[in-house]
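Listed here are the chains, written in short residue letters.
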Amino acid sequence: MIRTIPIVRKLLARNEHAASENRARFGALGVTCVNVLGGAGCGKTALLEAVLPRLTAERRVAVLEGDLATTRDAERIAALGVPTAQLLTDGGCHLTATHVQHALERVPLDALDLLIIENVGNPICPANFDLGEHARLAVLSVAEGEDKPVKYPLLFKDAQAVAISKCDLLPHLRYDLRRTLADIRRLCPDAAIFTTAAPSGAGVEPLAEWLRRLSAAASAPHNISRSPATASR
Amino acid sequence: MHELSLARHLVEIAGDEARRAGAARVRRVRCRIGLLRQVDDLLMREAFGLAARRTLCETAELEIEHAPLRGRCGGCGRVFAMVDWHATCPVCHTEAERLLGGDELDLVQLEVETPDDQDHPDCA
């Protein structure tokens, strides 16, 4: 007999389950988790190198470094004296909540205020996978071109913050920053937007302040949750 | 290339549902994928074929239903389906202030074959 069964089941339900477990664990320990996403070479690691020294005096921070291959990025972060665990996906183009679950054994989670996950450099795939983070920071460099929010919309749609990096290159580029900002605003009207340049430190302090506030809110446990739009994904 | 990852999840939950229904074989799998997921149909079909090997979905046909991105007009508040990122309200011509939907990623229907002896007598 042939039967048609109507169903509505989320494809990524298993990942979402693991993500909720991670989030519950972070919540119970008062740890804020931020997922940093962006294309390869957009400057995620450089931005973390610039922002982390501004946080470590007041916040206990650790970083999970997601990468396809090599431990180079993790070494750069570890050189700042920040506890770092490498997550190698061996060619996998994104991190999943289960990757993070395993890696949590390698960071001192119960002695942390803030856990930053640097995702695999890729503007498309990682945006599909909730890791259990409380907030997403999307990074986009001006060197990539002004049309990227429209080409990689999911990267921005669930972001609570966006950093436009490498702004020190703007004088050398034909780049309409206003257009990028308008496209980002439409995708994530409530996100904080930072225009940054890691080498000079321009715009890095407002980003550091955003991270401080986010992690202060979490130190009263269960105080933060993701925005409804993100939680329903 | 997140299609393979998505296809594996799809085959897994389709298999769960098919087993729950006592199916011997899945004939058709219908999923709904939002525009923002940036899933390529051709790659998704190939990935589904790979992921379905030696499962109840092995010979199943994959149907992909596309969910559009919608915009909420900043002027009149009307919600409209956007085509090619054209974010201007078709009625009052104001730009959309917010984008809605487009992130769907669901299994929505299965067509399965169940052995005849499982048929409920009342349905015969």
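Because the structure is a prediction, the values reported are computed rather than measured.

The rules behind the values
Residues numbered from 1 in each chain as written. Chains lettered and ligands numbered in written order. Predicted model: local features only at pLDDT ≥ 70, side-chain atom pairs only at ≥ 80, totals over all residues. Heavy atoms only, no water. Helix = DSSP H or I, 4+ residues; strand = E, 2+ residues; numbered from the N terminus. Rg over C-alpha atoms; globule rule 2.2 N^0.38 Å. Buried < 20%, exposed > 50% of the residue type's maximum accessible area, 1.4 Å probe, protein only. Contact = heavy atoms within 4.5 Å. Areas by Shrake-Rupley, 256 points an atom, 1.4 Å probe, with all protein chains shown as cover. Lys, Arg positive; Asp, Glu negative; His and termini not counted. Charge placed at Lys NZ, Arg CZ, Asp CG, Glu CD. Salt bridge = Lys/Arg side-chain N within 4 Å of Asp/Glu carboxyl O. Arc of directions from axis to C-beta. Polar contact = N/O pair within 3.5 Å; in protein donor to acceptor, adjacent residues only side chain to side chain. Buried area = accessible area lost by both parts, 1.4 Å probe. Pairing = 2+ DSSP bridges. Axes fitted to C-alpha atoms, helices over the stretch in contact; angles between N-to-C directions.

Engineer: Hey, could you run me through the overall build of chain B in this one?
Structural biologist: Regarding its fold elements, chain B presents two helices and six strands. Starting at the N terminus, the α and β elements of chain B follow one another as α-β-α-β-β-β-β-β. Computed over its C-alpha atoms, the radius of gyration of chain B comes to 19 Å, more than 25% above the 14 Å expected for a compact globule of 124 residues. If you line up chain B on its principal axes, its C-alpha atoms span 60 × 40 × 15 Å. Looking at chain B residue by residue over its 124 residues, the buried ones come to 45%. Contacts in chain B between residues far apart in sequence, at least 24 positions, make up 72% of those at least 6 positions apart. Total accessible area computed for chain B in this model is approximately 6,500 Å², and 47% of it derives from carbon and sulfur atoms. Of the side chains in chain B, 16 bear a positive and 23 a negative charge, and the two mean positions are spaced by 3 Å.

Engineer: What should I look at first to understand the pattern of salt bridges in this one?
Structural biologist: For side chains bearing opposite charge, pairing can occur when the charged atoms are close. Applying the stated rule across the entire model yields 34 salt bridges over all chains. The salt bridge involving Arg186 of chain A is made with Asp183 of chain A; its shortest N-O contact spans 3.7 Å. Taken as a pair, Arg186 of chain A and Asp183 of chain A lie in helix H7 (residues 177-187) at a separation of three residues, close to a single helical turn. Exposure class is identical for Arg186 of chain A and Asp183 of chain A. Each is buried. The closest approach of N and O atoms between Asp16 of chain B and Arg19 of chain B, which form a salt bridge, is 3.5 Å. On the criterion of helical spacing, the pair formed by Asp16 of chain B and Arg19 of chain B is a turn pair, its members being three residues apart in helix H1 (residues 3-20). Judged by relative accessible area, which is 29%, Asp16 of chain B ranks as partly exposed. Residues joined in a network through salt bridges with shared partners are Arg25, Arg27, Arg28, Arg30, Arg32, Glu61, Glu63, Glu65, Glu111 and Glu113 of chain B.

Engineer: I'm lost on unusual backbone geometry in this one. Help?
Structural biologist: Glycine aside, residues mostly have negative phi angles, and peptide bonds mostly take the trans form. A positive phi angle is found at Thr70 of chain A, which is not glycine, with a value near 70 degrees. Owing to a relative accessible area of 41%, Thr70 of chain A belongs among the partly exposed residues under this scheme. The phi dihedral of Arg54 of chain B falls on the positive side, at around 55 degrees, and the residue is not glycine. Summarising the element assignment, Arg54 of chain B is placed in the loop between helix H2 (41-51) and strand E2 (61-67). Arg54 of chain B gets classed as exposed once you look at its relative accessible area, which sits at 74%.

Engineer: Would you mind showing me how to read H2 of chain B here?
Structural biologist: Helical geometry: 3.6 residues make up each α-helical turn, so side chains three or four residues apart lie on a common side. All names here are of chain B. Among the residues making up H2, those that are buried are Met44, Ala47, Phe48 and Ala51. All buried residues of H2 project into a common sector of 105 degrees when viewed along the axis, lining one side. The inward-facing, buried residues of H2 abut H1, strand E1 (25-34) and E2. Two or three places before Leu42, at the start of H2, stands the capping residue Asp40, its side-chain oxygen 3.2 Å from that residue's backbone nitrogen.

Engineer: Honestly, the interface of chain B and chain A in this entry has me stumped. Any pointers?
Structural biologist: Often, the extent of an interface is quoted as the loss of accessible area on bringing the components together. Listed as interface residues are 37 residues of chain B and, on the opposing side, 31 residues of chain A. Carbon and sulfur atoms supply 56% of the area buried between chain B and chain A, which totals about 3,500 Å² over both sides. It is His9, Leu36 and Gln38 of chain B that lose the most area in chain B upon contact with chain A, and together they represent 16% of the buried surface on that side. Here chain B and chain A share six salt bridges between them.

Engineer: Just to check I follow, could you spell out the sheet that holds strand E6 (residues 135-141) of chain A for this structure?
Structural biologist: Within a sheet, neighbouring strands are paired by backbone hydrogen bonds and run either parallel or antiparallel to one another. Residue and element names in this part refer to chain A. Taking strand neighbours across the sheet as the criterion, the seven strands line up as E4-E3-E5-E2-E6-E7-E8 in an open arrangement whose pairing is parallel. Edge strands, defined here as strands with exactly one partner in the open sheet, are strand E4 (84-88) and strand E8 (192-195). Strand-to-strand, the axes of this sheet are offset by a mean angle of 20 degrees, without reference to chain direction. Two strands pair when backbone bridges link them, and strand E7 (residues 161-165) and E8 are joined in this way by four bridges, in the parallel orientation. Counted as the bridge partner of Ile164 is Thr195 from E8. The strands touched by helix H2 (residues 44-51) are strand E2 (32-38), strand E3 (61-67), strand E5 (114-118), E6 and E7; relative to E5, the strand with the most contacts, the crossing angle is about 155 degrees.

The analysis is restricted to geometry; functional conclusions fall outside its scope.
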